[in-house]
Amino acid sequence: MAAASDRVELGSPWEPTRPEPPPTRFHSVHGANIRVDPSGTRATRVESFAHGVCFSREPLAPGQVFLVEIEEKELGWCGHLRLGLTALDPANLVAVPEFSLPDLVSLGHTWVFAITRHHNRVPGEGHPEAEVAGPRRPPTLLVEPYLCIEQFRIPRDRLVGRSRPGLYSHLLDQLYELNVLPPTARRSRLGVLFCPRPDGTADMHIIINGEDMGPSARGLPAAQPLYAVVDLFASTKSVRLVQLEYGLPSLQTLCRLVIQRSVVHRLAIDGLHLPKGLKDFCKYE
């Protein structure tokens, strides 16, 4: 287990040279109905609607986003993905609880919420009404290339879900960018992170398609290792991890952005004289 003192803070706008943490992966400890692929980046609930609790392999660094994209949904169940953090080491659990809510939370030192757009916020200090009413949103959600959450600055590009490539993908993508789809729609991207405070505690934030939902919980123990919790509950059947770049974007990412902005829709990428690997990267990422 990584010690708290070994954590690397990242995403700060005034210290862009901070080293990035390792890629996120799912823990080998998970619910009985979960199957994690060999890369550790995809988790699928293979039966029933429960026993779908997953954890991050490593504790998160301050400001690090554990970001998942919903890949598969399953009709016939009532309920959706749940997301949060825990100070419990998954390797030390006698058994993974059937549900994150209320079972895992009842073990203590765990903060998990069902994903909604309006009910996962705690009142702000001195401005309770504004905080509960929702985060202040600019007229156009994606004007800024970075999402700023407390002291951290996170590139917004990969935080936003994208439709499957198709004739109308350029229109469908705008629905994700404006965050008007249900938060647990297929291809939506959901993330969780924590932000330390001067008093030694931390705030937990949940991100839905590039929009910060505000603090979902306060008073988390910032000095303790905090693991991400993802519960593939009910209608949410499969998710994949999405990796973020916190420092300067890579050349590959810059090429992708230039190409994507130069075509009307992603199907047009197939007509470009580019290597197939680069075309696929531009269409699907």
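Read on for an overview of the structure.

Conventions we followed
- Residues numbered from 1 in each chain as written.
- Predicted model: local features only at pLDDT ≥ 70, side-chain atom pairs only at ≥ 80, totals over all residues.
- Heavy atoms only, no water.
- Pairing = 2+ DSSP bridges.
- Helix = DSSP H or I, 4+ residues; strand = E, 2+ residues; numbered from the N terminus.
- Axes fitted to C-alpha atoms, helices over the stretch in contact; angles between N-to-C directions.
- Core = buried A, V, L, I, M, F, W, Y, C linked by side-chain atoms within 4.5 Å.
- Buried < 20%, exposed > 50% of the residue type's maximum accessible area, 1.4 Å probe, protein only.
- Contact = heavy atoms within 4.5 Å.
- Arc of directions from axis to C-beta.
- Salt bridge = Lys/Arg side-chain N within 4 Å of Asp/Glu carboxyl O.

With respect to the sheet that holds strand S6 (residues 110-114)
Reading across the sheet, the four strands line up as S3-S12-S5-S6 and stay open at both edges, with antiparallel pairing between neighbours. A strand with exactly one partner marks an edge of an open sheet, and here the two such strands are strand S3 (53-55) and S6. The sheet shows a mean angle of 20 degrees between the axes of neighbouring strands, taken without regard to direction.

A look at the nonpolar core
Phe-66, Val-68 and Leu-81 are the most contacted members of the largest nonpolar core, which totals 31 residues. Tallying contributions element by element places strand S10 (residues 201-208) first for this core, with four residues. Residues within four places of Leu-81 in sequence aside, it is in contact with Val-68, Ala-114, Ile-115, Thr-184, Leu-190, Val-230, Asp-231, Leu-232, Phe-233, Thr-236 and Val-239.

Topic: helix H4 (residues 251-261)
Inspection of H4 places Thr-253, Arg-256, Leu-257, Ile-259 and Gln-260 among the buried residues, and these make up the whole buried set. On an axial view of H4, the arc spanned by its buried residues comes to 165 degrees, and they lie on one face. Away from the buried face of H4 by more than 90 degrees, exposed residues Leu-251, Val-258 and Arg-261 are located.

Considerations on the environment of Leu-75
Mapped onto the fold, Leu-75 is located in the loop between strand S4 (66-73) and strand S5 (82-86). A sequence separation of 159 residues divides Leu-75 from Ala-234, and the C-alpha atoms of the two residues are 8.7 Å apart.

Details of the pattern of salt bridges
Proximity of charged atoms lets side chains of opposite charge pair with each other. Applying the stated criterion to the full structure yields nine salt bridges. Its salt-bridge partner being Lys-237, residue Glu-74 comes within 3.8 Å of it at the nearest N-O pair. With a gap of 163 residues between them, Glu-74 in the loop between S4 and S5 and Lys-237 in strand S13 (residues 236-242) connect regions that are remote in the sequence. Given a relative accessible area of 25%, Glu-74 falls into the partly exposed group. A salt bridge links Asp-203 to Arg-197; the shortest N-O distance between them is 3.1 Å. Classification of Asp-203 by relative accessible area gives buried; the value is 0%. Residue class for Arg-197 comes out partly exposed when judged on its relative accessible area of 24%. Several salt bridges converge on common partners, so that one network encompasses Arg-42, Glu-69, Glu-71, Arg-187, Arg-189 and Arg-240.

It is worth stressing that arrangement in space is one thing and function is another; only the former is reported here.
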